[in-house]
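# Chain and residue survey
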Amino acid sequence: LKTSNKDAYPDWKAGEPVPYAALCKTFSLVELTTKRLIIMEYCSLFLRQVMRLTPDDLLSTVNLMINKLAPDYAGIELGIGESLIMKAIGETTGRSLAVIKQDQKEIGDLGLVAVKSRSTQPTMFKPRPLTVRGVHKGLMGIATITGNGAQGRKVDAIKKLLSAADSNSTGKVDITKDKGGPSEAKYLVRFLEGKLRLGLAEKTVLVSLAQAVIAHEAQVKGGTPSTCDVEKAEAMLKTVYSELPSYDIIIPAMLKHGIMHLKENCNLQPGIPLKPMLAKPTKAITEVLDRFEDQTFTCEYKYDGERAQIHYVAKDANEELSQALPDSNKEAAKGVAAIFSRNSEDLSKKYPDILAKLHTWVKDDTKSFVLDCETVAWDVTEKKVLPFQQLMTRKKKDVKIEDVKVKVCVFAFDLLYLNGEAIVEKPLRERRELLMQSFTPTLGEFAFATHMDGQELEEIQTFLDESVKASCEGLMVKMLDGAESGYEPSKRSRNWLKIKKDYLSGVGDSLDLVVLGAYYGKGKRTSVYGAFLLACYNPNSDTYETVCNIGTGFSEAVLEELHSQLSEIVIDRPKPFYSHSSGGQHQPDVWFEPRYVWEVRTADLTLSPRYKAGCKEGVDPGGEKGISLRFPRFIKIRDDKKPDEATSSRQVAEMYRKQESVTKSKGPAVDDDF
Ligand code: ATP
C-alpha cells in the first residue's frame, strides 16, 4: 500500500499545491477494492501525505473526497445536469454531441465517456496540470454562476477544467481496464454528476482523516501512535463532527491545536446546524416496554409537520452566530436567528413569521440557544394543529410575512445548546427542565411538545389515542434519565422510539424512497406518468436498489404535478449505480436522475426476483431475490430528504426480518443495530 501511493508522485514537493493527479491516483486505488479497511488505509495514507507536504490543502482535499464543495448548510450546489456535462465534454474534445450521447448509451458512465473522448484527442499544447485547490476553486466558481447565460458560462468553466485534465498522461487509456484507471477527467466528471462512485462513504473519510492526523502528529514527535491513541483520535473527530458538522471549522482548528485538543476548541455553535437525532420504529407498545425494561422513559406527541432547528444569539450575548444571515432575520429584535431543516438547509426565508416572533417567546436571561422542534400548520379559528398537507402548501422561499396564509405553531421538544454551552450530553430530564425555564409558550405560536411520563401500558395506550385525536402521527418515546438519554446527533437511536398510529397493524414504519423511473399512464392517465419505479439506498455500495412499482395514492392533480417535475430530469438510460433486474419486461418507460424522495406506506414486504432491495443483506439464501413492497401507497413528497437519506437497504431488510419473525410468532424482535 505504502509504495503504491508514494511512488506515483515523486515530484510533489513540500509546500506545493496537492496535484489533482495524486488524489485521482488514490481514487483509482479505492475504486478497485471493496474492502473497507483497505479503502481506509489508502485514504489515510494519502491524507497523511497532504498533512506532511501541503497541510493548507487538507480542507479542499477532504471536500473533493466527500464530493462536496462546502458544508450542507452553506447551500452551495453545482446546478448542472447530464446534458450540460455532455456538451462540455463534446466541446472540449471536438466530438459531436450525438457521438457523446451514443457513447453514454453504450458505456453508461459519463466519467468513462470523458476518458474515451479524451484519449482520442491529440494533445496540441500542454496546459498546466490541475491541482486540488485549483479544481476546488474552479468547481466553486461553477456553483456560484447565476443570472443571464448562466448555463453557457457553466459549460465554459467545465471546459476549462476538462481541457487541463490528464495533461501529464501519455497515450490512450483503455476504459475497459481497471475501471478506466486514475484519469482526472473521469473523476472530475463524476464529481460534477454528484457521485464519485468509489464506494467511499463519508464516514470512512472522517475516520481516515483522524488516523492521518494522529499518525502525522506522532511522526513529527519522532514516533508512531499507539492503537489506543488512534482510537481516541477517531472517537474525538467523530464526536466533534457530529456536533459541529463543518470541516471548514474543524480542519483549521485541528491543524492549529492538534486532534486531541479539538473538543476544547470546536463545539456545537449557533449558526452551524447539526444533524438531528432520529428514532427507531416500533410496532407495538409492548415492544417499547421490552426495550426500556426498568429504565425511565417519557412519551411525547409525534407532531406531523417539518423538523426545524432554531439557532439564536441575543444581541447582548457575548457570542456570535457563525452563519451569515439574510436581512429578514435581523427583525428578531433582541437577537439574530436562523432556522435549519432536517437536512441542514437554511429555512430562514421560508419562516420569516417564526423569526419575527421568536424574541417574544425567549425569556430575558436566555441569551443563546439551539432548539430542536417541529413546525406544524395551525388552525387559527379552531385553535388546533392541521394535517401536514396544509404545511406543504406554504411557499418555500422568499416568503413575505404579510402573505403567509398557513400559520405555523412551533412545538419544541429538545434544547441542545443554552447560554454559550452545549448541553447535548445532559440527561433528557435536565434538558427538558432547561427548555421549559428558558421560553414562554404562546397559544398557536410556540408550545412545548405535550408529554406524559407514565410507565404503564394502559397509560401509554390512552396517551397514544389522545395524540391521534390531536391530529398527531403517534408518539415518540424517549429515554429520560442517565447517560443513554443524551442527545445523539445524526444517530437513529434506540433511545428514541416512535410509535405511529399506522404502524400498529402494518409493517412498522413508512418508507422514504427515491423515484428512479416511470411508466406511461393508460386510460385516464395517458398524458401523465401512471406508475413509478422506486428504490431504497445502499450507502455501502452507493447504489439505489429498486423495491417496488407504485401507482396508488395519487390524486389527478398530484400526478400532473409529478409529471411536470419529473419530465425535467429524464435521462436516456439508467445510471450505472441503479440496481434493478435486467429482464426486459420489467423496465420502466423512462428513467430519472435520482432526485426526489417520496414517503410510501406498504401492507407488507415480500421477496421478489424483480427487485434488488436488500439483496446484499442476506435476506434471500439464494442471493438473487430482493425485497419488495406489497400494495405500496404514495403518502407525500419528502422535500426535506435528499436521495442518499432515503430508507436504507439495511432498514428495509430489518423491516422484512421483523415481519418474518412476527409471522413466525417468535414475538416482536427488538431492533438494536440498524
Ligand atoms: P418520519 O417519517 O417518521 O418523520 P424521519 O426519518 O423523518 O421519519 P424519525 O426519526 O423516524 O424521522 O421520526 C422523528 C421525526 O418526527 C422527527 O424528525 C421530527 O420531525 C418528528 N417529530 C414530531 N414530534 C416529535 C417529538 N416530540 N420528538 C422528536 N421528533 C418529533
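To start, this report covers the structure provided alongside it. (Residues numbered from 1 in each chain as written. Predicted model: local features only at pLDDT ≥ 70, side-chain atom pairs only at ≥ 80, totals over all residues. Heavy atoms only, no water.)

Of the regular secondary structure elements, the protein chain holds 21 helices and 22 strands. What you see for the protein chain is a C-alpha radius of gyration of 26 Å, in line with the 26 Å of a compact globule of 674 residues. In terms of overall dimensions, the protein chain has C-alpha extents of about 75 × 65 × 55 Å along its principal axes. A total of about 29500 Å² of accessible surface is found on the protein chain, and carbon and sulfur atoms cover 51% of it. (Helix = DSSP H or I, 4+ residues; strand = E, 2+ residues; numbered from the N terminus. Rg over C-alpha atoms; globule rule 2.2 N^0.38 Å. Areas by Shrake-Rupley, 256 points an atom, 1.4 Å probe, with all protein chains shown as cover.)

This paragraph deals with the site of the ligand. Taken together, 18 residues are adjacent to the ligand, and Ala279, Arg307, Arg342, Glu374 and Lys498 come closest. Here an oxygen atom of the ligand and a side-chain polar atom of Arg342 are 2.7 Å apart. Measuring from an oxygen atom of the ligand, one finds a side-chain N or O atom of Arg638 at 2.9 Å. For the ligand, the protein covers 96% of the area, taking 590 Å² as the surface of the free molecule. Sorting the residues of the shell around the ligand by element identifies strand E1 (278–281), strand E2 (297–302), strand E11 (474–479) and strand E12 (492–500) as the ones contributing at least two each. Counting residues per element, the shell around the ligand draws most heavily on E12, which supplies four residues. Taken together, the residues of the shell around the ligand break down into seven nonpolar, no polar and eleven charged. (Near = heavy atom within 4 Å. Polar contact = N/O pair within 3.5 Å; in protein donor to acceptor, adjacent residues only side chain to side chain. Nonpolar A, V, L, I, M, F, W, Y, C, P; charged D, E, K, R; others polar.)

All buried positions along helix H6 (residues 97–107) are accounted for by Ile100, Asp103 and Gln104. Down the axis of H6, the buried side of the element spans an arc of 100 degrees, and every buried residue falls inside it. For H6, the exposed residues lying more than 90 degrees away from the buried face are Ala98 and Glu106. Trailing H6 by a residue or two, Gly108 shows a phi angle of about 75 degrees, which is positive. (Buried < 20%, exposed > 50% of the residue type's maximum accessible area, 1.4 Å probe, protein only. Arc of directions from axis to C-beta.)

A few words on helix H2 (residues 20–31). Here H2 spans 16 Å end to end across twelve residues, near enough to the 16 Å set by a 1.5 Å rise per residue. Counting buried positions along H2 gives ten out of twelve residues, so the element sits mostly inside the fold. Listed in full, the buried residues belonging to H2 are Tyr20, Ala22, Leu23, Cys24, Thr26, Phe27, Ser28, Leu29, Val30 and Glu31. (Expected span 1.5 Å × (residues − 1).)

Tracing the sequence through the fold places Thr204 in helix H11 (residues 202–220). With relative accessibility at 3%, the residue Thr204 sits in the buried group. Excluding anything up to four places from it in sequence, Thr204 contacts Arg36, Ile39 and Met40. (Contact = heavy atoms within 4.5 Å.)

Attention shifts here to the nonpolar core. Judged by nonpolar contacts, the single largest core of 114 residues is most densely connected at Tyr20, Leu139, Leu209, Leu262, Phe369 and Leu371. Sort the elements by how many residues they give to this core and helix H3 (residues 36–53) lands first, with eight residues. Sequence-distant contacts of Tyr20, that is, excluding residues within four places in its chain, are made with Leu64, Leu130, Thr131, Val132, Val135, Glu184, Tyr187 and Leu188. With 36 residues, the next largest nonpolar core counts Ile285, Phe297, Trp378 and Ala447 among its residues. (Core = buried A, V, L, I, M, F, W, Y, C linked by side-chain atoms within 4.5 Å.)

What follows covers the pairing of E12. Within E12, seven of the nine residues are buried, which leaves it mostly tucked inside the rest of the structure. Where E1 meets E12, four bridges bridge the pair, whose relative direction is parallel. Directly across from Lys280, in E12, lies its bridge partner Leu497. Pairing geometry for E11 and E12, over five bridges, is antiparallel. Residue pairing in the sheet places Val477 in a bridge with Leu497 of E12. (Pairing = 2+ DSSP bridges.)

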